[in-house]
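# Topology and contacts: notes
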Amino acid sequence: MVTKLERFIREGRSATAGVSFKSWQGMAKAEITAALLAAESQEARANRLIDRLVLLGGAALSTIGVWGTALAIGQAPDRVLAAVLILLAGLALLWIGGALGLRAPLGRFRDDRRRAALRRVDDLHRQVRRLEVDLKSRAKKLQAERDAQDEAP
């Protein structure tokens, strides 16, 4: 976001004037608003996923409880059907546990990748700024040499 704002300021600059504060302020507000909305929507999606997994876990536990009790007291209409339903509910619980257990490591991996990408962008940005400064100094030197040659006779 900061890089976008800096690019907006640099590209909007002219020989006579820079970017007006109102223009920069409007651009900053728009960028910050977009970033906040994106973060809020991502958090809402994560919360929806957790809610769905908890609901599915509750249904699986209820299934295990009902059919397990029916098997235990000998009231299941079909023992094989009850066993299959309990097995499927148990597998659903294992899947939910795995999904919730893997969220944290996968999130850390994603965050590490994002940090590495930001470091690369910062390094590239620093290199571009260094090159910009070098080019300006070379341009001044060449201009000074040209002016010296024009004055000499």
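Quick notes on the rules
Residues numbered from 1 in each chain as written. Predicted model: local features only at pLDDT ≥ 70, side-chain atom pairs only at ≥ 80, totals over all residues. Heavy atoms only, no water. Helix = DSSP H or I, 4+ residues; strand = E, 2+ residues; numbered from the N terminus. Buried < 20%, exposed > 50% of the residue type's maximum accessible area, 1.4 Å probe, protein only. Contact = heavy atoms within 4.5 Å. Areas by Shrake-Rupley, 256 points an atom, 1.4 Å probe, with all protein chains shown as cover. pLDDT = per-residue confidence, 0-100. Salt bridge = Lys/Arg side-chain N within 4 Å of Asp/Glu carboxyl O.

This part is about the overall build of the protein. Looking only at helices and strands, the protein features three helices and zero strands. Secondary structure elements of the protein occur, N-terminal to C-terminal, as α-α-α. By the burial criterion, 8% of the 153 residues in the protein qualify as buried. The contacts in the protein between residues at least 6 apart in sequence include a share of 56% that link residues at least 24 apart. About 12200 Å² of surface is accessible on the protein, with carbon and sulfur atoms providing 63% of the total.

Here the protein shows a mean pLDDT of 83. Residues at 70 or above account for 86%. For the protein, the element scoring lowest by mean pLDDT is helix 1 (residues 2-12), at 64; helix 3 (residues 79-151) scores highest, at 87.

For the rest of this paragraph, the subject is the pattern of salt bridges. Evaluated as defined, the whole model comprises three salt bridges. R114 is the partner of D111 in a salt bridge, and the nearest nitrogen-oxygen pair spans 3.7 Å. You can see D111 and its partner R114 sitting in helix 3, three residues apart, about one turn around the helix. Between R126 and D123 there is a salt bridge, with its nearest N and O atoms 2.8 Å apart.

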